[in-house]
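# What the coordinates show
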Amino acid sequence: MSTATTGMSTKRRNGAGSKRRNGGGTGSESFGRQRQRWLPWAFLAPTILGMGLFTLVPIVASVVLAFFRWDIISAPSFVGFDNFAEVVQDPTVRVSFLNTIMFVVVAVALQLGLALALAIMVQEKLPAWLRVFFRSAFFFPLILSAASVSIFMRYLFNEQFGVVNWLLSFVGIPAVPWLTTPAGSAAVVILVYVWQNFGFSFLLFIGGLASIPTETYEAASIDGATGWRKHLHVTLPLLSPTTLVASVMAIINALQVFDQPYVLTRGGPGDSTRTAVMVIFESAFQRLEFGQASAIGVILTLIIMAITAAQFRLSKRFVFYQ
Amino acid sequence: MPGSNGKLREISRRTALGALGAGIVGATVASWPRLTGMDIPGRGDNSLSIAILGTAADAAARQRVIDAFAKVHPEIKVKVQAIQAADWKDFFTKILTMVAAGTPPDVVYVATEGAQLFAEKLAHPLDEYLRRDAADMKEYFADVHPSLVEAFMYKGSLFQLPIDWNAANMYYNTSALQQAGLERPADNWTQVDFRNNLAAMRKARPQDFTPYYWTNRLFGGVVPWLYANDTSFLKESKSTGGEWLWDSFYAQDPSRGLRSGGYQWLEPNADDPRVYESFDYLRGLVKDGLGVRPEEGGGNSLVGLFASNRIGMTPAGGYWVEGLHEAGMKEDDFDVQFFPRWRTQRHQFGTAGYAIMKTAKDKDAAWEWLKFASSLEAMRLVFPTPNTTPARRSMVNEQLYAGRGPKHWKVFYDTLDKFPTTGPIPAPPQQAAVETALMKNVSLAVSGDENQLKQALASMQRDLEIALRRQA
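Small disclaimer: the values here were computed from a predicted structure and weren't measured. (Residues numbered from 1 in each chain as written. Chains lettered and ligands numbered in written order. Predicted model: local features only at pLDDT ≥ 70, side-chain atom pairs only at ≥ 80, totals over all residues. Heavy atoms only, no water.)

### Structural notes on the domain arrangement of chain B
Residues and elements named next belong to chain B.
- For chain B, the assigned domains are domain 1 (48-166 + 351-395) and domain 2 (169-233 + 269-346 + 430-469).
- Just the C-alpha atoms count here: the centres of domain 1 and domain 2 sit 30 Å apart.
- Domain 1 puts 8 residues into the contact, and the matching count from domain 2 is 11 residues.
- Note on domain 1 versus domain 2: buried area summed over both sides is about 850 Å², and carbon and sulfur give 56% of it.
- Of all residues in domain 1, Lys-89, Glu-113 and Asn-166 give up the largest surface area on contact with domain 2, accounting jointly for 58% of the area buried on that side.
- On inspection of domain 1 and its partner domain 2, the count reaches 0 salt bridges.
- Summed over the shared surface of domain 1 and domain 2, the number is 4 residue pairs in polar contact (both at pLDDT 80 or more).
- A breakdown of the residues in the side of domain 1 that touches domain 2 according to their chemical character gives 1 nonpolar, 5 polar and 2 charged. (Domains from an automatic or database assignment. Contact = heavy atoms within 4.5 Å. Buried area = accessible area lost by both parts, 1.4 Å probe. Salt bridge = Lys/Arg side-chain N within 4 Å of Asp/Glu carboxyl O. Polar contact = N/O pair within 3.5 Å; in protein donor to acceptor, adjacent residues only side chain to side chain. Nonpolar A, V, L, I, M, F, W, Y, C, P; charged D, E, K, R; others polar.)

Below you can see the structure in the form of structure tokens.
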């Protein structure tokens, strides 16, 4: 019966199509044509409307706001490029951008390296049922709230009463001031961020590894490649499209890091873990300088766009498509 | 399962889609009141909307006050909106976003941290109402210490009526003190005595114990030490004006001569040698393992740690009593003493009260709420347990602390009487930027050597200059 239905539907579709091709048509057919024209737009309308209202308008408004001084309460006043000039001269903003770049370099390298290594291990060494378990286990931190995780981690890394220092004490390591020294704070922020985010890159790499034909590995084995050489000369090149996607997404995410440093260290001690997005938040919602916050946001957006464009440009040289 | 014929299958799909659509429409219609935002206090009706820092449970706890208010003013409908936030700064951020969204509350419960921000930008002065209802308000002011009132004076006008407050006193664990062979510190103990006590406690319990735990916050962090050393990280001055209030309500008060038109913090003071001296003292405590390196914004775990006998002393206010009681501490397990004396024994305090927003729809109704909320009847309903120190002296009594402790609960209100120069948290209108400038440099200042301390204070001075230059 289902075959008959399919046949009937096909006939109906073909019939309508032939009438259209013949240029004829009754009123109902004309309505059908009209419907076919507006139907896609009707389906797209909610998305377009949503994107326009909640993405495009805020972006444009944010860029415009960067040229105004506005504290929410008083009327905004046009200040030209003053906000940009003040932002560039502000040492806290400069340090926060530098911190963000350093964070991206270390965190993304760790995130991708860890995700790739674990993906290869899970895909190669583990039985199928364990693979499923680890895929879920590594992805699990990503679905947790970053704020909740950070609050929890704050307890774990407490210098006096934290579990981490308690465990370290068993191997004779004295209490580490994790959250009260610049190096310790940066390490914890990166660690927590990578722990929570590497699962996504891991899943991408798992997908990429699954798409590499086994014949390629067999051919490499016949040619004498074993162990890490096989991965160096087969896995990495063939995984390069996935690596590109994973690195683009990881860098964009890392450039916008906020939750972990805000909850774990509030940007301190000093400015050692203050990031660009934290400064945007502080400017807007704590100091009521929405114009300056927008200016920092515009600069950050331009940096993200420039880095992403550079990645795609470099990808022409380093990414191999089968 | 596939349908038994094509028609049935097609109908099933359509039916499913139709049902889904009908469901969405139905749900939309059913939840329409919420979708229109009618549940946002004050929107769409003439209710007086009141924002407080807290949870839905805190809002529910206010219900008895609302009911009592309704009996007195049946014509004024009140809705309390509890806003959850990590701290006061976070709470003010949320109020500001409500202002930006065009849905500001009519009345906001504001602590000292935001008093001048609200006074400068958002709040309506109470002067006209206080002059009009002076006879009604005499009883309130007679029961409230003028230091608390002065904290809400700004440029000669009063913007809030203190409802509750807390000074940074020193809590101590009685068993930790006994283990170290120490007795309760004297009322006029000094910073040297304090350090000796910590050293004794450390000696008695070398492991899994912190003699002095403190956090990097505006209240109870480094500021009480600065105040005790007769300095602060901001230069403090007072504005003129306000005589009308002091003459009306505090003419006979012994501290009348100290009162002013409000505090001003116009210049940074981190380069003061006494600031260096205070930080160096704290650096010494950290270096010698007597005190912790303070975490920024920490404090959430403090009650638990103190209640589990792992902390010897920590600065806190009367708000801690109920928390310690709930954490299982008996009334004799802990006690409280004045903050140690250095050059002075000036304490730091924070207070809170309702402010009427400039944008309030009905300011007269808002004033009636303020007046009622400051009455003895209302405050007894709000503070049945010691989870803060009521601003009314008459309420800080044996009955409030019965069965909970501390034994020397009188220390709380005596702080104001014995040390009349005790002052509020330094919080100019640019409080958020100032707080950030202070906090971000504290950990560095007390964690390294002398050079690092000097660098951190220089950085603090520079950051404060920038913060104070900013518009509030």
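### Considerations on the interface of chain B and chain A
- Chain B puts 42 residues into the contact, and the matching count from chain A is 37 residues.
- Summed over both sides, the interface between chain B and chain A buries roughly 3,200 Å², with carbon and sulfur atoms accounting for 56% of that surface.
- Remark: the boundary between chain B and chain A carries 4 salt bridges.
- The partner of Asp87(B) in a salt bridge is Arg266(A), with the nearest N and O atoms 3.7 Å apart.
- The tally of links from chain B across to chain A stands at 7 residue pairs in polar contact (both at pLDDT 80 or more).
- Those elements giving two or more residues to the side of chain B that touches chain A turn out to be helix H1 (6-30), helix H5 (88-100), helix H6 (112-122) and helix H21 (431-447) of chain B.
- When residues in the side of chain B that touches chain A are grouped by element, the largest group, 7 residues, is from H21(B).
- Residues that form the side of chain B that touches chain A fall into these classes: 16 nonpolar, 14 polar and 12 charged. (Helix = DSSP H or I, 4+ residues; strand = E, 2+ residues; numbered from the N terminus.)

### Thoughts on the nonpolar core
- Counting residues in each nonpolar core, the largest one holds 133 residues, and the members touching the most others are Phe141(B), Phe279(B) and Trp369(B).
- Viewed by domain, this core spans two of them, domain 1 (48-166 + 351-395) and domain 2 (169-233 + 269-346 + 430-469) of chain B, each represented by three or more residues.
- Discounting residues that sit within four places of it in the chain, Phe279(B) has contacts with Val222(B), Leu226(B), Val442(B), Ala445(B), Val446(B), Leu453(B), Leu457(B) and Met460(B).
- Grouped together as the second largest cluster of nonpolar side chains are 86 residues, Val87(A), Phe97(A), Leu300(A) and Ile95(B) included. (Core = buried A, V, L, I, M, F, W, Y, C linked by side-chain atoms within 4.5 Å. Buried < 20%, exposed > 50% of the residue type's maximum accessible area, 1.4 Å probe, protein only.)

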